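Take a look at the letters that make up each chain.
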Amino acid sequence: MNIHAPYRAHRAAAGFSLLELTLSLVILGVIGILLARWIGMESEDRSQLVQRTLLQRADDAITAFAASNGRLPCPAADTGGGEDCSRAVGLLPFRSLGLPDSRAGLLRYGVYRGEDTRPEGADADLAVLHDRNRVLQVTAMAGTGVVLGEVFTLPGCGAECAAMPQLQLNGLDFCVGLRNAMQHPTDASRVHTLRPVLPAMEIAGNVAYALSSSAPGQANALHTGTSLAFASPRQASSPNYGDKVVAVGLDQMWSRLNCGDALGAATYGQANAAAAATLNVPAMYDYKEQLAIMDQMADAGVLSANAALVGSIAQVGYATGGVFDTVGETLATLGAWNWRINLSIVGIGSAVGSVIAAGIAKGKADAYKGQASSLAAEFNTTFPANAAALETSLDTELYRADMLGLYPDLQSQATAKAYVPPATSAPTP
């Protein structure tokens, strides 16, 4: 009997348990490392998704704000979310934009601003409402072929605009501001983006506005302080750069708001239609005078035809008298002058022909007189008044188009629809 067998069996069992425990610990360690990395990557992905979501919502809110208010929002000075219009760069004014997520207040935001020495209406401060819209009417100098553009400001719309400033200052003025900004040279003193190469600092161009998002405490030095520069939205991520940027160019903002269509219709098309209608009114009254002259000429033609008819009838009487006179002379000369009777009868025929011709001319003169009078009467009762009404209508619509702007609210629509500009004196008939 081997008295050491149970002891060796116990030792074998104990050694196996220790090995198993060691392997288990190693496996758990590997799993822990993988799990930690996965959690870290998942957290980073979630953080980037939050950043992208915040940027997208902020971008949409800014576009909606511009469409409704005719300007871009001013940056906020702090995370309170209110505008501070003394700044060109700061934090996103999320409360002014109506965004409910306070995390949006951590986004960096810059808008195209800056002092401008250009004349009134030519400035490009996109965060301030100015009356920039100018009506352009194109005319041509008669006989020269020179085309001229007349630019002028519509008169104020009176009490309506005093009570509702958005009728005078609206999206059309913002579109003109965008156009003015696009005409400016690239300027480092206004919000701009850089080319997607770090650490190079070459300016890519000015933008209407830009947004940047960074992980807490990890913002790139470029997106701190009062710098007006934003990295390119195409800038690749790296261990030294993880910010997300959204930049909306001036031309991109122009397209988003359909500024080309709006300005073309309200500022140029409507204005030139109104100008054409205005020129048409005196033309209609001139034509009315021409028709009156034509009617008077028709009267003269009728009188002339009457005179010709009377003259022809008198000629018949004269020719008949000549026949009788010739017959008397023939009897007195015992037929010696009978050859003159035939000539006198021919004279009567000629006079009768003149009467017939005069009668035809009289009929045509009466017909022409009737047509002229009818045309003049129909024109006088229709066209001058319609031309004046068209002028008034197009002038009114020109004012209303300027009042409505881009995307008017219901109150603005109702006020503009009811608006009637001050009456102007119509040409005297």
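A few points on the structure. A quick note: this is a predicted structure, and the numbers were derived from the prediction, not measured.

About the criteria used
Residues numbered from 1 in each chain as written. Predicted model: local features only at pLDDT ≥ 70, side-chain atom pairs only at ≥ 80, totals over all residues. Heavy atoms only, no water. Helix = DSSP H or I, 4+ residues; strand = E, 2+ residues; numbered from the N terminus. Expected span 1.5 Å × (residues − 1). Buried < 20%, exposed > 50% of the residue type's maximum accessible area, 1.4 Å probe, protein only. Polar contact = N/O pair within 3.5 Å; in protein donor to acceptor, adjacent residues only side chain to side chain. Disulfide = S-S within 2.5 Å. Lys, Arg positive; Asp, Glu negative; His and termini not counted. Salt bridge = Lys/Arg side-chain N within 4 Å of Asp/Glu carboxyl O. Contact = heavy atoms within 4.5 Å. Patch = residues over 30% accessible without salt bridge, like charges linked within 9 Å, V, L, I, M, F, W, Y side chains within 5 Å. Areas by Shrake-Rupley, 256 points an atom, 1.4 Å probe, with all protein chains shown as cover.

## Thoughts on helix H4 (residues 171-183)
Step number 1: In this model, H4 (13 residues) spans 19 Å end to end at C-alpha, consistent with the 18 Å of a helix rising 1.5 Å per residue.
Step number 2: The buried fraction of H4 amounts to ten of the 13 residues, a majority that puts the element mostly inside the structure.
Step number 3: Burial in H4 covers these residues: Gly-171, Leu-172, Asp-173, Phe-174, Cys-175, Val-176, Gly-177, Leu-178, Asn-180 and Ala-181.
Step number 4: N-cap assignment for H4: the residue whose side-chain oxygen lies 3.1 Å from the backbone N of Leu-172 is Asn-170.

## A look at the state of the cysteines
Step number 1: Tallying each qualifying case throughout the model produces two disulfides.
Step number 2: For Cys-74, the disulfide goes to Cys-85, at an S-S distance of 2.0 Å. Looking along the S-S bond of the Cys-74-Cys-85 disulfide, the torsion reads about 95°, which is the right-handed sense. Here the residue Cys-74 occupies a position in the loop between helix H1 (5-69) and strand S1 (89-91), and Cys-85 occupies one in the loop between H1 and S1, the gap between them amounting to eleven residues.
Step number 3: On the accessibility criterion, Cys-74 (0% relative accessible area) is buried.
Step number 4: Covalently, Cys-175 is tied to Cys-259 through a disulfide, its sulfur atoms 2.0 Å apart. Judged by the sign of its S-S torsion, about -70°, the bond between Cys-175 and Cys-259 is left-handed.

## A few points about the side chain of Arg-108
Step number 1: Tracing the chain through its elements places Arg-108 in strand S2 (residues 108-111).
Step number 2: Within the buried set, Arg-108 has no salt-bridge partner at all; the shortest N-O distance to an opposite charge, 8.1 Å, is to Asp-243.
Step number 3: A polar side-chain atom of Arg-108 sits 3.4 Å from the main-chain carbonyl oxygen of Thr-224.
Step number 4: Only 2.7 Å separates the side chain of Arg-108 from the backbone oxygen of Ser-227, close enough to count as a polar contact.
Step number 5: Apart from the residues lying within four places of it in its own chain, the contact partners of Arg-108 are Val-89, Gly-90, Leu-91, Ala-210, Leu-211, Ser-212, His-223, Thr-224, Gly-225, Thr-226, Ser-227 and Phe-230.

## Digging into a nonpolar patch on the surface
Step number 1: A surface patch of nonpolar side chains, about 410 Å² in accessible area, is lined by Leu-25, Ile-27, Leu-28 and Ile-31.
Step number 2: Relative to the helices and strands, Leu-25 resides in helix H1.

## Some points on the pattern of salt bridges
Step number 1: Taken as a whole and assessed by the stated rule, the structure comprises eight salt bridges.
Step number 2: Two residues, Arg-190 and Asp-187, come together in a salt bridge whose shortest N-O distance is 3.5 Å.
Step number 3: According to the relative accessible area criterion, Arg-190 is buried, its value standing at 6%.
Step number 4: Under the relative-accessibility criterion, Asp-187 is labelled partly exposed at 24%.
Step number 5: Residue Glu-397 pairs with Arg-400 through a salt bridge whose shortest N-O separation is 2.9 Å. Here the residue Glu-397 and the residue Arg-400 both occupy positions in helix H7 (residues 339-404), the gap between them amounting to three residues, near one helical turn.
Step number 6: On the accessibility criterion, Arg-400 (17% relative accessible area) is buried.

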